[in-house]
Structure formats: structure tokens, C-alpha cells
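Inside the fold
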Amino acid sequence: MTLHGVPDFSKLRVAVLGDAIADHYVVCEPRSLSREAPVMVLRHAHEYVGAGGAANVARNLRALGATTSIFGVVGRDARGRELAELLENDGVDATGLVTVAGWLTPTKTRVVAAEPRRNLQQVLRIDREPQGPAPREVRAGVVERLLARANEFDALVLSDYEYGSIDAELGRAAVSLAKAGKIVVLDPRATLAGFEGLTALTPNVGEMARFTRRDPDELVDVRALADSARELLERVPTRWLLVTRGNLGMALFGEGVPAEGASVDASGSGNVTDPTGAGDTAAAVFALALAAGLDAPNAMRLANAASGVVVMASGCAVCSREELRAALAVAPSPVRLFGVEPL
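The sections below set out a description of the structure shown in this document. The residue count restarts for each chain, going from 1 along the sequence in the order it is written. Per-residue local features of the predicted model are confined to residues with pLDDT of at least 70, and side-chain atom pairs are confined, for both listing and counting, to 80 or more; whole-chain, interface and lining totals are unaffected and use all residues. With hydrogens and water stripped out, all remaining heavy atoms of the structure feed into the side-chain values.

Observations concerning the environment of Gly52
- Along the chain, Gly52 falls in strand S3 (residues 40-53).
- Along the chain, Gly52 and Pro30 lie 22 residues apart, while their C-alpha atoms are 26 Å from each other.
- Among all residues touching Gly52, those that are not within four sequence positions of it are Asp19, Ala20, Ile21, Asp23 and Cys316. Numbering goes from the N terminus for both helices and strands, where a helix is a DSSP run of H or I of at least four residues and a strand is a run of E of at least two. Should any heavy atoms of two residues lie within 4.5 Å, those residues are counted as being in contact.

Here is the structure:
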């Protein structure tokens, strides 16, 4: 059943494999300027842990109704336990998460502050990171767990935050699943080597610039972006390339799309509150829409509308099916990148 342009995702089963991150928020209120140094004194109000990286992808999928399972590595520490519990409370199957003694769960601590009745603003971020990837045998075991259950899933989303989950062994498995007809989407960060032949890639403009050795500012120009996309698609064949462009919206290249590409203006009303996690939402919804049978331009439109919802909330937020329906009702339609004709 379609809900005003939004498919019924409840029959779809999606796996997520990647770098799960604990988002630790310390919420404060400004008090005064310090007498000790030229810094603000904040009064601690409360703190909480949210889901980032692959964990945020999983939460977004589940919020839209898909049966969701996550595979990855967390440390045998408090943050790892909190992250797994948070996912389970949201209805995500977290049995594919492996805990590793002596390995630190990647944690981003954000100190946010505001006076009462005002939007919280990030003041400081502190990253706690493992010294390196989890042991190779552990990562290989995660891939084996995924492959053992591959028949349970309609789609797979890979989330790279450079903590080691996205490696050559996973690449071979992901390519084999794509060849077998699964929807496999990679939200890349560090590398594309070994991931040729997937269903889609969803880099942002900065990542596109890195992959094609260009200046990010150059890719604001749509012709330069299209040239960069053609170069990347020749080097890393994939059915679709979805480029997230921040406040410029999204651009799509690949199968069934005009040679110059297609674009959609950024969705959402008002000023952006927090862009954290918008790329996670885009990858999740694009994969889910493709798995539901939508064509790529309409999948981009859904991903763009959902991203417009989450940037209006603080922290890594999710978009429900009802919120997506409302956003889609006023969302812009995809057009040719160099023209105005709707696709």
C-alpha cells in the first residue's frame, strides 16, 4: 500500500553493516564568562546517548517500518552496551553486533547549550576513537554472519565512518550479493576499491571531490559535478550514484538517468537546525525506496524529503513514515541537472 506517494515498507527486510557510533550528548545552559580564561561557563543539565553512523542508518530504516538488522563491532564497554540497548529498544535486531574486549566503541561527545526555549547549539565535540580497526578475524566473522543470513534480506546498506568495518573482505561479499540481485548501497567515506558493481553509492560532495581528486568548491558547478560523476562511474561501475549536496539538494547519475544527470532542490522548510546524520538518512531511504520498487529519481525524491525532516531536529534524528508522507507532499520534484524538465 502507498501512503500518499510513500510505499509500505513493512514487508521489506534490510541489513546494515558498518561503523556503529555512540553519539553522547551533554546538554547545558550558558551561565557566564569564566574569570579563569576567555571561555563560557556552562551549567550541566542532562546527558544522553544516541545512535550514530551505521546505528543511525538502522534506526532510520526501522522508523520507516522495515524489519532491520545491524551487523558490526562495538567495544565491550558502557557505550557499546548503551548503543546495543538503544537499537533493541527501537526494534532493531542487534544480534549481529559483536562485542570486542579491549576495543573502544567509537564515541562522539557533543557539548550543546542554549538558554531555555532556544535551539541547542553545539559548543564542542570530543571524539573517543579506537586505536585501529577491530581484529581482522572479528571483522571476517561479522561478514560471515551477514552472509549466513543473506537470504533473509531484500537490501543491504553499508555505512563507512573509517573505523575499519568497510574492508576488502566485505567488498567481495557485497559485490557477490549485488550480483545475486540484492539491493546493495554503500555510503562511502574512505575508499571505493573493491566495491565495483554495487547497486548505488551515496557520497556527499566532499567525498566526491576526494574520490575524483577535485576541489570541493569546484563541484558546486553542475557541469563540473557531472564530469566528476562520469569519471567516478567509469572507474567504479555502479547502477546509480546519488550525490548529497547539503543545502543544494541532491544529484543523481547512472542507469536510466539523462547523461547530464538529475537533481532535486533541498527539501524542508525553515533554517537547518542540525545536519548531523542527514547522509545516513539519505542512504537508508534511497536503499529502502529502491527495494520497494521505485525508480531511482523517485527514490532520490524520497531520500531528499526524509533528509529535509531530520535536519530540522537536533542530533541524529529519524524520519517516520507519517513525517515522510507530509514532507513528500511539498517536496520538490527531480529535474534534469542542466534543465527544468521534470523527470
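Moving on, there is more to tell.
A closer look at the pattern of salt bridges
- Salt bridges are counted wherever a side-chain nitrogen of Lys or Arg sits within 4 Å of a carboxyl oxygen of Asp or Glu. Following the criterion strictly, the structure yields 14 salt bridges and no others.
- The partner of Asp90 in a salt bridge is Arg59, with the nearest N and O atoms 2.5 Å apart. Taken as a pair, Asp90 in the loop between helix H2 (78-89) and strand S5 (93-100) and Arg59 in helix H1 (residues 54-63) lie far apart in primary sequence, 31 residues in all.
- With its nearest N and O atoms 2.9 Å apart, the salt bridge here joins Glu255 to Arg239. With Glu255 in the loop between strand S12 (250-254) and strand S13 (262-264) and Arg239 in strand S11 (residues 238-244), this pair connects stretches of sequence that are 16 residues apart.

Considering the pairing of S11
- Accessible area is worked out with a 1.4 Å probe on protein chains only. A residue is then buried under 20% of its type maximum, exposed over 50%, and partly exposed in between. Across the 7 residues that make up S11, a large majority, 6, are buried.
- When S11 meets S12, the two strands line up antiparallel, connected through 5 bridges. Bridged to Trp240 within S12 is Gly254.
- For two strands to count as paired, DSSP must find a minimum of two bridges between them. Connecting S11 to the next strand, S12, in antiparallel fashion are 5 residues, including Gly246 with a positive phi near 65°.

Description of the nonpolar core
- Nonpolar cores are built from buried Ala, Val, Leu, Ile, Met, Phe, Trp, Tyr and Cys residues. Side-chain atoms within 4.5 Å join them into one set. If you look at the biggest cluster of nonpolar residues, it comprises 60 residues, and the most contacted ones within it are Ile70, Phe286 and Leu324.
- In terms of residue count, the dominant contributor to this core is helix H7 (residues 278-291) (10 residues).
- Counting 45 residues, the second-largest nonpolar core is a separate cluster that includes Ala15, Ala178, Leu192 and Leu225.

With respect to unusual backbone geometry
- Phi is positive for Arg117, which is not a glycine, with a value near 70°.
- Inspection of the secondary structure assignment puts Arg117 in the loop between strand S6 (107-113) and strand S7 (121-128).
- Phi is positive for Glu162, which is not a glycine, with a value near 65°.
- Turning to its location among the elements, Glu162 is positioned in the loop between strand S8 (155-159) and helix H4 (168-179).

Some remarks on helix H6 (residues 222-235)
- The terminal C-alpha atoms of H6 lie 20 Å apart, and with 14 residues this matches the ideal 20 Å at 1.5 Å per residue to within 8%.
- Within the span of H6, buried status applies to Ala224, Leu225, Ala226, Ser228, Ala229 and Leu232.
- The elements touched by buried residues of H6 are helix H5 (205-211), S11 and S12.
- For the purposes of these results, a polar contact is taken to be a pair of N or O atoms within 3.5 Å, where, inside protein, one atom must be able to donate a hydrogen and its partner to accept one; residues adjacent in sequence count only when each atom of the pair is a side-chain atom. The distance from a side-chain oxygen at the start of H6 to the backbone nitrogen of Arg223 is 3.1 Å, and the residue carrying that oxygen is Asp221. To estimate how far a helix should extend, the number of its residues minus one is multiplied by 1.5 Å.

Observations regarding the packing of aromatic side chains
- Only Phe, Tyr and Trp rings are paired, with Trp represented by its six-membered ring, and only when their centres lie within 6.5 Å; those with planes under 30 degrees apart are stacked, over 60 edge-to-face, the remainder tilted. Following the criterion strictly, the structure yields 2 aromatic pairs and no others.
- Taking the centre distance of 5.1 Å and the plane angle of 15° together, the rings of Tyr25 and Tyr48 count as stacked. Placement of Tyr25 in strand S2 (residues 20-33) and of Tyr48 in strand S3 is noted, with a sequence separation of 23 residues between them.
- Tyr25 sits in the buried class, given a relative accessible area of 4%.

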